[in-house]
Amino acid sequence: MGILLRLSRLIDLLNERIARAAFWLILIMTLISAGNAVVRKLFNMSSNSLLEIQWYLFSGVFLLCAAFALQKNAHVRIDVIYGKFSKRTQMWIDIFGTVLFLFPMAFIILKLSWPVFMTSLQSGETSANAGGLKLWPARLILPVGVFLLILQGFSEIFKRLAFLTGHGPDPTEGVVGPSEEEELAEEIRKMRGLAEGEGK
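Within every chain, residues take consecutive numbers counted from 1 along the sequence as written. Given that this is a predicted model, residues contribute local features only at a pLDDT of at least 70 and side-chain atom pairs are listed and counted only at 80 or more, while totals for whole chains, interfaces and linings are drawn from all residues. In computing side-chain properties, one takes all heavy atoms of the structure into account and sets aside hydrogens as well as water.

K.L.:
Any chance you could explain the packing of aromatic side chains here in plain terms?
P.N.:
To describe a pair of aromatic rings, one takes the distance between the centres and the angle between the planes. Note on aromatic contacts: the rings of Phe and Tyr and the six-membered ring of Trp form a pair at centre separations within 6.5 Å, being stacked when their planes are under 30 degrees apart, edge-to-face when over 60 apart, and tilted otherwise. Within this structure, the stated rule accounts for seven aromatic pairs. One aromatic cluster is present, formed by F103, F107, F154 and F158 through successive ring pairs.

Shown next as structure tokens:
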């Protein structure tokens, strides 16, 4: 189990570093978007390549940060029953959910997307738009992002198995908590309660 936990820490570190680097793509994308808008308004000029690079960067942020989001338990979860179970049952649900749902979906996407990337790379595929960019970098982001997600899935399983066997801490401690939406809803409830109290 010690080897699996060390591997899990390496995977976590890899995905965290990639995600933190990908965060900068948001700033770059914003600057390109703003610059493109200013040039279009002031000089009545635009560039398809600048528009396309924004799509590439957005895809990069979304796909390269998916594994980090899984690590931080930040993906959308319909938690109707899950929260009512014991911590051990929740760990087993996470393990079976990863094996039965995440892995099959991710492996299918990886299997289908890699040949598309290779074909695009070998053919030198370019966007159909005038002045458009090469497409292979955008096509590469999908298999890379999904591969990182698969690695993170294994890391999450290792951490949960360690917890279940008494060899590791609760992997959700300090991660699971009210979402921003839940916190906002709670604030609205409090404000509504104060307003109703003042109205009486």
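K.L.:
How do you make sense of the pattern of salt bridges when you look at a structure like this?
P.N.:
Pairs may arise between side chains of opposite charge once their charged atoms sit close together. The rule for a salt bridge is simple: a side-chain nitrogen of Lys or Arg has to be within 4 Å of a carboxyl oxygen of Asp or Glu. In this structure the tally under the stated criterion is seven salt bridges. Two residues, D12 and K159, come together in a salt bridge whose shortest N-O distance is 2.9 Å. Taken together, the positions of D12 in helix α1 (residues 2-43) and K159 in helix α5 (residues 136-164) put the pair 147 residues apart, joining distant regions of the chain. K159 carries the same exposure label as D12, and that label is buried. Here K159 and E156 are joined by a salt bridge, their closest N and O atoms 2.8 Å apart. Separated by three residues within a single helix, K159 and E156 lie in helix α5, roughly one turn from each other. Each member of the pair, K159 together with E156, is buried. Each helix is a run of H or I in the DSSP string that is no shorter than four residues. Each strand is a run of E no shorter than two, and both are numbered from the N terminus. Residue exposure (1.4 Å probe, protein chains only): buried if accessible area is under 20% of the type maximum, exposed if over 50%, otherwise partly exposed.

K.L.:
Where do I start with α5 in this structure?
P.N.:
Think of an α-helix as turning once every 3.6 residues; residues three or four places apart then point the same way. Compared with the 42 Å implied by 1.5 Å per residue over 29 residues, the 43 Å span of α5 between its first and last C-alpha is a close match. Count one or two residues on from α5 and you reach G166, which has phi positive near 80 degrees. Each residue after the first adds 1.5 Å to the expected span of a helix.

K.L.:
Please clarify how the nonpolar core should be interpreted in this entry.
P.N.:
Considering soluble globular proteins, one finds that nonpolar side chains tend to be buried as a cluster. Only buried Ala, Val, Leu, Ile, Met, Phe, Trp, Tyr and Cys residues count toward a nonpolar core, and they belong to the same one when joined by side-chain atoms within 4.5 Å. Counting 11 residues, the largest nonpolar core consists of A19, A22, L25, M29, L57, V61, L64, C65, A67, F68 and L148. Elements supplying a minimum of two residues to this core: α1, α2 (48-64) and α3 (66-71). A per-element tally of this core places α1 first, with four residues. We call two residues contacting when some pair of their heavy atoms lies within 4.5 Å. Residues within four places of F68 in sequence aside, it is in contact with N15, E16, A19, R20 and F23. Membership of the second largest hydrophobic core comes to nine residues, among which are A66, L110, L149 and I150.

K.L.:
Sorry if this is basic, but what is going on with the environment of F147 here?
P.N.:
Considering the arrangement of structural elements, one finds F147 in helix α5. Overall, F147 belongs to the partly exposed group, its relative accessible area being 42%. Along the backbone, F147 and L63 are 84 residues apart, and their C-alpha atoms lie at a distance of 10 Å.

K.L.:
So what exactly am I meant to see when it comes to helix α4 (residues 87-123) here?
P.N.:
The terminal C-alpha atoms of α4 lie 51 Å apart, and with 37 residues this matches the ideal 54 Å at 1.5 Å per residue to within 8%. The largest bend in α4 is about 40 degrees, located at T98. Burial in α4 covers these residues: Q90, M91, D94, I95, T98, L102, F103, A106, L110, S113, F117 and S120. Where the residues of α4 are buried, they touch α3 and α5. The angle separating two fitted axes, one through the seven residues that finish at a residue and one through the seven that start at it, defines the bend at that residue.

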